[in-house]
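Given next are the chains, with one letter for each unit.
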Amino acid sequence: MEFPAALFPSYFGAGPPREEGGPAPVAGWGEHGQVLEGGPGRRQAQPAFVPRRGATGERWEAADAAAVPVLLPSAGCWIPSPAPQDILYRSGLCKKLRAGKSGATLDFARQLGHFFVDHPEDAFGSLGQLLHKNFYLGNSKLKVTVSRNSTIRMTALVEDIDRLEARRGCPRQHLASRLRWFSHLCRDWLFEVPLGLLADCLHEELMQQWSNLLFDDSLTGGALAWLPPEDGGTPVGCLVHPGGQAMNHLYFQDVVLEELPRARRSPAQFELSGRVRQVAAARVDGEDFVGVRSDYHCGVWRVPGRTGAAPTPLQVIRTDVPASCLTVSPHLPGELSVCTQSGTVYLWSVGTGLQQLRHDPQTMFFRDRSPWRWSDFTAHPRVLSCADRTGLQCLDARAPKKCHFDLFKVGEEAGCQQGERVVLPMYLGRAHPSQYLVTTQFSVYVLDERLPLVPVLKWAHMMKAPPLFAHLMPGNPGRSHQVLLGASRTQELVLLQYRASFWGVSSGGSQSACQLAGTPQKLHSIAGCLQHLPTQLPHRQHLVQQRLEAPAAGLAATLQEDGPHKSMLVFQLSEAGDVFCQRLTHKAAQPPAPPLRDEATPAPGSSPLFEAPASSPQGLGTAALRYRRWLRALSRARREPPWHTWHPSLSQRRLFTRRDLQGPAVPSSLQRQMRQRLHQAMQQGGRIQRWETSAVQPPPLPQTMEPAGGPDPLSTRLTAAWAGDWEQWWEERTSFSVAQRQRALRERRRRQKRARGRRSLSASFTSSLTYQSELSELSDAGPSLLSPGRPPILSQEGSPPAGSPAVHSPAPSPAPDEALLSSQSLRCRGIPKERRKTLRDYLSVWAEGPPEPPEPPGSQASQLCIPSSQSQLSSASQPRRKRPRMGF
Amino acid sequence: SSHEHKLNFRKSKEACLSYIQDALLQKQWKRAAEFLTCYVESLEKDYSREHVGPSEMIWRIGTEILWHHSQSSMKEFNCFMEQMKTLGVKRYLKVCLEHVFHLLCNGQIDEAYQNLSLAESWRFGEQTAIQDKEMKLIEAYRGLLDYYSWSKQKNILLENGEDGFSDLAVEQEMHSYFRKAAVNLKEIIKIPGVWDVFVKCYVDLLEFYGDHNEARQVLNEYAYNSKFPANPNAHVYLYQFLKRQGESKKSLISALKILHDIVPSHELMIDFNTMLQKSKKRKKRRLGLEVIFAALDYAGWKENAKAWSCLARQVKQIVISEKHLDWIKQEWNSRKDWWPAFHFSRYLAKRNWQENKSLSYEKALVAGILLGKDCKYFKYVSHQGCKAQLKRFRMLKKFVNRHNPVYLRISG
């Protein structure tokens, strides 16, 4: 590509930006910038001038009144990311403060409180257990007993805390002296994790969440890619997008381009081990290469050119520091560039692996705190650009230390404003091999790497949020190129047109300088369709609104030429995983505008989408139909209540089937046997010594969690303390050796069991036989775990506390439903009073424990009645799960 | 209270602005215009201390609307601009410039000239740095228009001169245009910046009056002053000037060498390569090979048949003479791990063959020499060429087969 024979005039300065700035709401309007002699008619008497901005561009008009869903919402529930009100401190006083200059106040205390309530084991585990006896939670006065000296009444403290909570934000609040006294006493030792450390971590996390809310740069680049159909082939492209509840599934969905794009076949799907942040794609030699970035993993897939061919994963890399960028080379197959937040840039080629090009935790041109880095390819396949918030540099991969030049600097060189920062750089190779797009929060720049530092085009984009996504649609030679800019939080979409084209051979074939053509145009956002949707029940309306207003997460577009008709399809992905699409149709150039064209675009508030006017009933009809189906699918997905109102529950029908409760019509052989024995015993007036018939043997005790090779006493002690068995460890240490102790325990267990077996028999004579035998087995499990006085053997076997590092249960198990365990419902099932507690205990043990090993000792029968539905009940990634009730 | 009133007023102002913005972004010019008439009120109670005040907003929005509004006329536009000029002292020059730009783009050169002259004589207190820059630009654009007038007169004079008839009045007018243009253009090109148009015009003036030293100095300054951006055009203009002056090959080469160093992918590199290839000096020919290899590294040159034929010619020469194979070897060393995939894949062989046979011929020759006769690109193209019974492809096959040992020496 030739260099323009003359460029638009501009001043060139060096140094930091001088212009004071800030977001200017209309800065992009009404300016030509500069003019240049050029254009056709050079030989005429008068020179003809062209402006840098304001030339006529192509005219694109939205075909529909709103964006239309492409895919049905996925079945799983979407977990909205935290909103400002979740982490900000809300009170009248603070609002006033915020209106001043103090900025937002994070509600640190509330979050710490949440942590203590949600994770008491992790927060107070061992000392809580040690002090258990010394805290009295009742309402009555403590009796003057022996315990009086060593027990304190906590109720008063709790009341004080409540009172404090009620007066929160009151400027005249004083700490109750009792609270102060208590916190003074125990601040240093009560907490499992030292309070200062915990608070630091929490505060850091809160700051992180808050800065993510203000500006989340992990989404830079966008997680949506469109793999266009091959030239001349069937109009079936492929949409690559993340989905699933945690956005950790990658879908390759074939999409047929019709009036409205339509999904074809079920998508190829890959489950990944992290949330997909970015999907980047490039086509080399007729094959698409798709790079996928999550925080700690990056992967690359190859999609063969022919339609319908399955994508193949090629390679995955893992990073220690979160990756912030992944771009795919448009020049060489299987080459990508990766940046991490530690300031490292790698050239990653699938054949040979990673090559580190640069490692610099500092920013390039001046100091900026952001660890965000970006890298992309340039016109030279061995030269990569790398960017941080302060600018762009190009490096030669063959000698990265020696060969580099500055491409863009936030400074006077590009006429930047103070405080301006690079948001997204993008190589515009498909439009022009040496051009680059750089967006900042205020402006967009087009750069030519042959003339570094001086932007060949600059325009203030006036978007409310920084453009994190950009998509280029190159025009044919001589036509303008289209660039789409997208913001995340506000879902803004802006269409720009620029030209870097030949004026034609007649004027000498020289290339003109880069020009912005036409006016920028706002496209529909996903949330924009809300006003067109039919009215719904308020709560459903709210859900739909929440879903549609989720921040955008990606952007893709394609040009479609169908004979004389040219149209543009724009896809937008939301954080909820929805993909919406809008079609823009190209109108022929219109130098003299029709007088009433304003009315062609619908004014907000009208809803032609669902009214299906006569003009093109077909298209609008299908759009409306799409919406209906999408809404229906959404409400179906929602019928399963959202996660935060979803109390983990056990289906009673599955726990005890009706047949179980009725008792079998024909008694089983076991029952018959038992009945016989009962009869016999009753007739003889004797008693049954052992309830087990024959083959029920006490199962072997599982291995205690002891690292091989006998660790030093300190680490065993710490392990024990961590697992919550500190007390037991102490006892063990003071009394017997482990082996002796186990033997003794086993013996004791057997005795207990026998004793309880007798008791249970006498107490539960009324209900059916089968049932009794089951429950008597169950009854062994509960109390031994839960009474702290007894050695907690079972807690070693079946259910170490959730925070234990040695056990990684695949998913936290929910607690049994309270309704199920209410004594009323148990009574309905004929479970005697004595057993109810035992059953409750058992169920809570089961709910707490990992699936492996699943049964407590001697539970042949228990398998019959407890459904093995761990997987069904486990709800992945519940951020704030309730602790199971421990039966008290 | 008045505070509340202020607050409410600000709020409604902001709302109004966002409506206007919305309308503009959806190209609803009429609607935007209606809102703008309401927004004008914000001028009355302008309490804002933001750096873009309401008067600037009205100027920007109004201009944009008048550009696109179906019922606007040039007269209305001029009228609006005059009003805007009086609205803010700080922005006077900027608005003037933009007004001039619009007039120029609409072919109203004379009106633009008048406006420029008017703006030039404007004085108001002490000028800020930005105003100073704007003033310089205004002067420069006036100089540019003077240059165009000069050039018009010159053409008239030249045409008349052919008829053997000279007009003294026209000539004098022309000289006066020259003086006016030269003064202003000379000023702006001293300041660091991109002044392609101004430099070109100024050099044209100087050359016409035979002041070649001054022209050379101006061009040298524009190309080599480190305060100026590394503008490839500056080097191109210098090179073209030297060529016009009939300078020696040596100085032309040295000018292009610098251009090669800053922009290896410049289109002049083909000329440079041809020039170097013809040279008798080994070093120059060596540089020529480097230049063409470097140019073909860039994606923009991938399908440039001319460049490939340059490379093919030089490589062929070297292979036939069997001298300086090490040049190729050295160039190839830093490229052998990525050129095959970048240039010589089977996919490209197919596409090049379909789209441009002569390109695929040149590339196949280079591929055959650099990668041997078993290379995918060469095999595909030579096979297709032989199938199509094209003589030169058969020759190509023979040539590569005969020189296959070269490949071993290059890659070894």
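Looking at an unreviewed UniProt entry, one finds chain B named TAF1A polymerase and attributed to Dicrurus megarhynchus.

In the nomenclature of an unreviewed UniProt entry, chain A corresponds to TAF1C polymerase from the organism Dicrurus megarhynchus.

Trainee: So what about the overall build of chain A? Which residues, and what values?
Mentor: Helix and strand counts for chain A come out as 23 helices and 35 strands. Across the 888 residues in chain A, those meeting the buried criterion constitute 49%.

Trainee: Any details on the packing of aromatic side chains? Residues and values, ideally.
Mentor: What the rule picks out here adds up to 37 aromatic pairs over all chains. Ring centres of A:F116 and A:F124 lie 5.1 Å apart, and the angle between their planes is 40 degrees; this geometry places the pair in the tilted category. Their ring planes at 25 degrees and their centres at 5.4 Å tell us that A:F116 and A:F191 sit as a pair that is stacked. Note that A:F116 is positioned in helix 3 (residues 108–118) and A:F191 in the loop between helix 6 (177–186) and helix 7 (195–214), a separation of 75 residues in sequence. Look at A:F191 and you get buried, because its relative accessible area is 16%. Stacked on the ring of B:F399, the Lys or Arg B:K316 has its end atom at 5.5 Å from the ring centre. Sitting over the ring of B:W353, B:K357 keeps its end group 4.7 Å from the ring centre.

Trainee: Would you mind going over unusual backbone geometry in detail, with residue names and values included?
Mentor: Its identity as a non-glycine residue notwithstanding, A:M462 has a phi of 65 degrees, on the positive side. Topologically, A:M462 is positioned in the loop between strand 28 (457–460) and strand 29 (467–473). You can call A:M462 buried: its relative accessible area is 11%. The phi dihedral of B:K27 is positive, around 60 degrees, even though this residue is not glycine. Mapped onto the elements of the fold, B:K27 is located in the loop between helix 1 (2–25) and helix 2 (29–39).

Trainee: So what about the nonpolar core? Which residues, and what values?
Mentor: Ranked by size, the top nonpolar core spans 223 residues in total, and within it A:F408, B:W195 and B:L311 carry the most contacts. Broken down by element, the residue count for this core peaks at 11 residues, all from helix 7 (residues 129–162) of chain B. Not counting the four nearest positions on each side in its chain, B:L311 is found in contact with B:L289, B:I292, B:F293, B:L296, B:W339 and B:V366.

Trainee: A description of helix 9 (residues 196–208) of chain B should follow, citing residues and the corresponding values.
Mentor: Residue and element names in this part refer to chain B. Taking 1.5 Å as the rise per residue, helix 9 with 13 residues should run 18 Å; its terminal C-alpha atoms sit 18 Å apart, in good agreement. Most of helix 9 is tucked away, with 10 of its 13 residues classed as buried. Buried within helix 9 we find D196, V197, F198, V199, C201, Y202, V203, L205, L206 and E207. Directly after helix 9, the chain includes G210, whose backbone phi takes a positive value near 75 degrees.

Trainee: Before we move on, could you go through the pattern of salt bridges and cite the residues and values that matter?
Mentor: In the structure shown here, the tally under the stated rule is 37 salt bridges over all chains. The closest approach of N and O atoms between A:R389 and A:D217, which form a salt bridge, is 3.0 Å. Taken as a pair, A:R389 in the loop between strand 22 (383–388) and strand 23 (391–396) and A:D217 in the loop between helix 7 and strand 9 (225–227) lie far apart in primary sequence, 172 residues in all. Each member of the pair, A:R389 as well as A:D217, carries the same accessibility label: buried. Its salt-bridge partner being B:R286, residue B:E331 comes within 3.4 Å of it at the nearest N-O pair.

Trainee: Could you give an account of the interface of chain A and chain B, with specific residues and numbers?
Mentor: At the junction of the two partners, chain A supplies 66 residues and chain B supplies 72 residues. Summed over both sides, the interface between chain A and chain B buries roughly 6,200 Å², with carbon and sulfur atoms accounting for 59% of that surface. For chain A, the biggest contributors to the area lost against chain B are A:Y11, A:W29 and A:F49; these three give 13% of the whole. Counting the contacts that link chain A with chain B gives four salt bridges. As a salt-bridge pair, B:R60 and A:E31 come within 2.6 Å of each other at their nearest N and O atoms.

Trainee: Can you lay out the sheet that holds strand 28 of chain A for me, pointing to particular residues and giving the numbers?
Mentor: Strand pairing in a sheet relies on backbone hydrogen bonds. The paired strands run either parallel or antiparallel. Residue and element names in this part refer to chain A. If you walk across this open sheet you meet the four strands as 25-26-27-28, and the pairing is antiparallel. In this open sheet, the two strands that pair with only one neighbour each are strand 25 (422–427) and strand 28. The mean angle between the axes of side-by-side strands here comes to 15 degrees, regardless of whether they run parallel or antiparallel. Sheet topology places strand 25 next to strand 26 (residues 435–440); five bridges connect them, and they run antiparallel. Residue pairing across strands places V422 opposite T440, the latter belonging to strand 26.

Trainee: Before we move on, could you go through the packing of helix 3 (residues 54–68) of chain B against helix 4 (residues 74–87) of chain B and cite the residues and values that matter?
Mentor: All names here are of chain B. Contact pair helix 3 / helix 4: the axes reach a minimum separation of 10 Å and the direction vectors enclose 170 degrees. As summarised for this structure, helix 3 and helix 4 are arranged roughly antiparallel, according to the angle between their axes. On helix 4, the residues touching S55, I58, W59, G62, T63, L66 and W67 of helix 3 are E76, F77, F80, M81, M84 and L87.

Trainee: With reference to specific residues and values, describe the environment of B:L157.
Mentor: Residue and element names in this part refer to chain B. Position of L157 relative to the elements: it lies in helix 7. Along the backbone, L157 and L118 are 39 residues apart, and their C-alpha atoms lie at a distance of 30 Å. In contact with L157, other than residues within four places in its own chain, are D167, V170, E171 and M174.

Calculation notes
- Residues numbered from 1 in each chain as written.
- Chains lettered and ligands numbered in written order.
- Predicted model: local features only at pLDDT ≥ 70, side-chain atom pairs only at ≥ 80, totals over all residues.
- Heavy atoms only, no water.
- Helix = DSSP H or I, 4+ residues; strand = E, 2+ residues; numbered from the N terminus.
- Buried < 20%, exposed > 50% of the residue type's maximum accessible area, 1.4 Å probe, protein only.
- Phe/Tyr/Trp six-rings, centres within 6.5 Å; stacked < 30°, edge-to-face > 60°.
- Lys NZ or Arg CZ within 6 Å of the ring centre and 35° of its normal.
- Core = buried A, V, L, I, M, F, W, Y, C linked by side-chain atoms within 4.5 Å.
- Contact = heavy atoms within 4.5 Å.
- Expected span 1.5 Å × (residues − 1).
- Salt bridge = Lys/Arg side-chain N within 4 Å of Asp/Glu carboxyl O.
- Buried area = accessible area lost by both parts, 1.4 Å probe.
- Pairing = 2+ DSSP bridges.
- Axes fitted to C-alpha atoms, helices over the stretch in contact; angles between N-to-C directions.
- Parallel < 35°, antiparallel > 145°, perpendicular 65-115°, else oblique.

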